[in-house]
Amino acid sequence: MPPTLASLVHHSALKLTVRAGEDRLDVPVRWAHSSELADPVPYMEGGELLLITALTLDVRDPAAMRRYVRRLAGAGVVGLGFAVGVHYEDIPEALVEAAREEGLPLLEVPRRTPFLAISKAVSAAIAADQYRAVTAGFAAQRELTRQALTDGPEGLLGSLAAQVDGWAALYDTAGAVVAAAPEWAGRRAARLTADVQRLRERPAPASSVVGGTGDPDQPGNADRVELHSLGTSRKARAALAVGTAASLGTAERYAVHAAIALLTLTTERSRSLHAAEQRLGAAVLRMLLAGEPDHARAVAGDLYGDLLDAPFRMIVAEPASASAARAHAGPQPGVPVVKPSAAALAAADTGGDPLGALAEVVESAAARAGEAVLVVPEGERLVVLATDGGAAVAACAEYAAALEAARPTPEPITGGDEGGLVVGLSAPSGPIAASAAYKQAEQALSVARRRGRVCVEHEHLAAGSVLPLLADDAVRAFADGLLRALRDHDATGRGDLVASLRAWLSRHGQWDAAAADLGVHRHTLRYRMRRVEEILGRSLDDPDVRMELWLALKATAPE
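Residues numbered from 1 in each chain as written. Predicted model: local features only at pLDDT ≥ 70, side-chain atom pairs only at ≥ 80, totals over all residues. Heavy atoms only, no water.

*Asks:* Please clarify how the pattern of salt bridges should be interpreted in this entry.
*Replies:* It is possible for side chains of opposite charge to pair when their charged atoms get near one another. The final tally for this structure, using the stated rule, is 22 salt bridges. In this structure, the salt-bridge partner of R188 is D223, at a minimum N-O distance of 3.0 Å. With R188 in helix α5 (residues 185-190) and D223 in the loop between β8 (207-211) and β9 (224-230), this pair connects stretches of sequence that are 35 residues apart. As a salt-bridge pair, D512 and R522 come within 3.5 Å of each other at their nearest N and O atoms. Taken as a pair, D512 in helix α16 (residues 511-518) and R522 in helix α17 (residues 522-536) lie far apart in primary sequence, 10 residues in all. Where salt bridges share partners, they join E318, R381, E442 and R449 into one cluster. (Salt bridge = Lys/Arg side-chain N within 4 Å of Asp/Glu carboxyl O. Helix = DSSP H or I, 4+ residues; strand = E, 2+ residues; numbered from the N terminus.)

What follows is the structure in C-alpha cells.
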C-alpha cells in the first residue's frame, strides 16, 4: 500500500512527533511538498503532506491559523509538518489548536531532519508500492498462464477471481455464460447477458463498466463489473466479465489484461495462434512507443525478444489515397532504387488488399530466414518491426519496387490505383528510441505521398532537396497569395518588382550585385524594394519574411 502518515511517524530515521490529529494518521500520502507561501492551496492537488518553517505565517494569531489550516484541509492536504528550531523553537500553540480543531494531523519535524529526507522517504515508499504492484501483476500473469495450460478457461477464471478478490465469468458469442468462478457468480453473470450483447455490437476490442446491485442471495455483493470483448477480429468471439467491490488496482489490472490475452488464445477457433501473436505484438509495440522498453521485453518473451536485441527498422504502410497522393516526381537524387526480384513482381498482384499482401510477404520472408518480425495492423495502416538488414526489410523493399515497376506509366499514386500502397521506413533504431523511429517512418510515408513514390526511407530524405516537398496545392496557394499583389503591380507596367525581388534575394541582399544582374542602378533597386515592403506590408529586414518570399518564388517558378 502507499505510504501513510503513520508509516512516516514510525520511520526511525525521521524522528517525527505527532502534535495533533492522532486519529487520522492512516490516510495515504501522495507526496511531500514544502512551501512557505501564506496560501499554498492553488498549488496543491490533494493528498500532500505540507512541510513548513512558518517563515511568512503569523503563527501566533489564532484566527489566522484557523483560516490557514481550514484552507489546507479543504484542499485535501492530509498533514502538516512543522520544522522546529529554525524560526521557532516549538510549534506555536495557535497552530496546534487550529490543527486539533480541524482534525488535521500536525507533525513536529526536528531540526536535524531535513525536509528532503521526508520527501525521499515518501518517494521511496511510493516507488516500492508501485514495484510491488508490478511484481504482483507479473506473478499473476504467470499463475494465470499456468492455470490456463493445466485447467483451461475454468482454472484461469478461478485464479483471476482470486487475484482480483471478486468474481469472473466467460461468455460465448451469444452472450451465454460458459464458465464462472466462484460457483455463486454464475447467477450474477447471467444477469449481464444484455450488456454483453450490446458490447458485441461494438468493434472489438471493446470494454465497458456496469454497476450492479449484486446477487440478492449475496447481500454484501454490490459490485463493479468490467466487461471486455475477446477476439482479434472486428467481431468479438467471446467476452470476459470481472466483478469487484472497487476499482481495480495496478496489480489487478495486470491480471485482467493477462486473462484477456490468455482467453483470446483459448477461444479463437481459426488462425488463433497468428491472431494472438498480433495481439501480443500490438502490446509490445504500444509499450515501445510509450517509452517502456523493459516492459516490452518482458511481454515479448521468446516470441519477439530476439527482435529487440538488435537494431530494427520501423515500417509504416498505408493504401494509396487520392487525397494524399501528389504528382509523381520519379526517382529522387541520392535515393537508391531497388530492383525487384521475380518473386516480388509476382507478389505485386495484391488482389485488392495491399496491406494484407505486404504483411504476407514480410512474414513469409522472415519465416524463411528464421527472423522474428512484428506485424501490427492498425485500421487502415500496417506497422512492421523488422530486423535491420534482415530478410523482412529486404522483402518489403523488393515488394515496394515491384509495385512501382508494375505501374504502367509514371503517374501519381492515387486511390484509383488498384492495390496502390505507400510505405515509409525509419532509420535503424533500438527499443529505447522506438517512438522516434515511428515518427521517422511516418515522415517518410508523408514524403512518399508527396513525391508520388511507393516507398521512401527516412535516412535517404536528406540526400535530395527540400524544394520537391513544396509541390503541394496548399503551398502553391500560399505562394500565389503572398506574391499576388506584386504580380498585379507588375501587370500595370509600373516596374518589375517580382524579378527585382528574386534577384535581390538570390544575391543575399547585396545591392550592387543584384542591380548588375537586373541592369539597373542600385538606387532604382532600393526604390523597388521599398515598394515591395509597402505593397506587402512586411519588412525585408525580417529573415522569416525573406525566407517565405524566397520559398514562394521557388514554389511558383515555372518548370
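*Asks:* How should the sheet that holds strand β11 (residues 312-319) be read in this particular structure?
*Replies:* Two orientations exist for strands paired in a sheet by backbone hydrogen bonds: parallel and antiparallel. With mixed pairing, the 5 strands of this open sheet are ordered in space as β12-β13-β11-β14-β15. If you trace the sheet from one side to the other, it starts and ends with β12 (373-378) and β15 (455-457), each paired once. The average undirected angle you get between the axes of adjacent strands in this sheet is 15°. Both strand β14 (residues 421-425) and β15 contribute to a ladder of 3 bridges, which runs parallel. Across the sheet, V423 pairs through a bridge with C455, a residue of β15. (Pairing = 2+ DSSP bridges. Axes fitted to C-alpha atoms, helices over the stretch in contact; angles between N-to-C directions.)

*Asks:* What am I meant to see in the pairing of strand β4 (residues 79-83) here?
*Replies:* On a regular strand, one side chain projects to one face of the sheet and the next to the other, so that they alternate. Of all the 5 residues making up β4, 5 are buried; the element is thus mostly covered by neighbouring parts of the structure. Residue alternation in β4 divides its side chains into two sets, G79, G81 and A83 and L80 and F82, and both sets are buried. Across 4 bridges, the pairing between strand β3 (residues 48-52) and β4 is parallel. Along β4, the bridge assignment pairs L49 with G79. Taken together, β3, helix α2 (residues 62-74) and β4 constitute a β-α-β crossover, and its handedness is right-handed. Where β4 lies against strand β5 (residues 106-109), 4 bridges are found, and the strand directions are parallel. By the bridge assignment for β5, L80 is matched with L106. This β-α-β element, β4 to helix α3 (residues 93-102) to β5, shows right-handed connectivity. (Buried < 20%, exposed > 50% of the residue type's maximum accessible area, 1.4 Å probe, protein only. Right-handed = clockwise from strand over helix to strand, strands pointing away.)

*Asks:* How do you make sense of the state of the cysteines when you look at a structure like this?
*Replies:* In protein chemistry, a disulfide is the covalent bond that joins the sulfur atoms of two cysteines. Summed over all chains, the structure comprises 0 disulfides. This cysteine, C396, is not joined by any disulfide, and C455 carries the nearest cysteine sulfur, 5.4 Å off. (Disulfide = S-S within 2.5 Å.)

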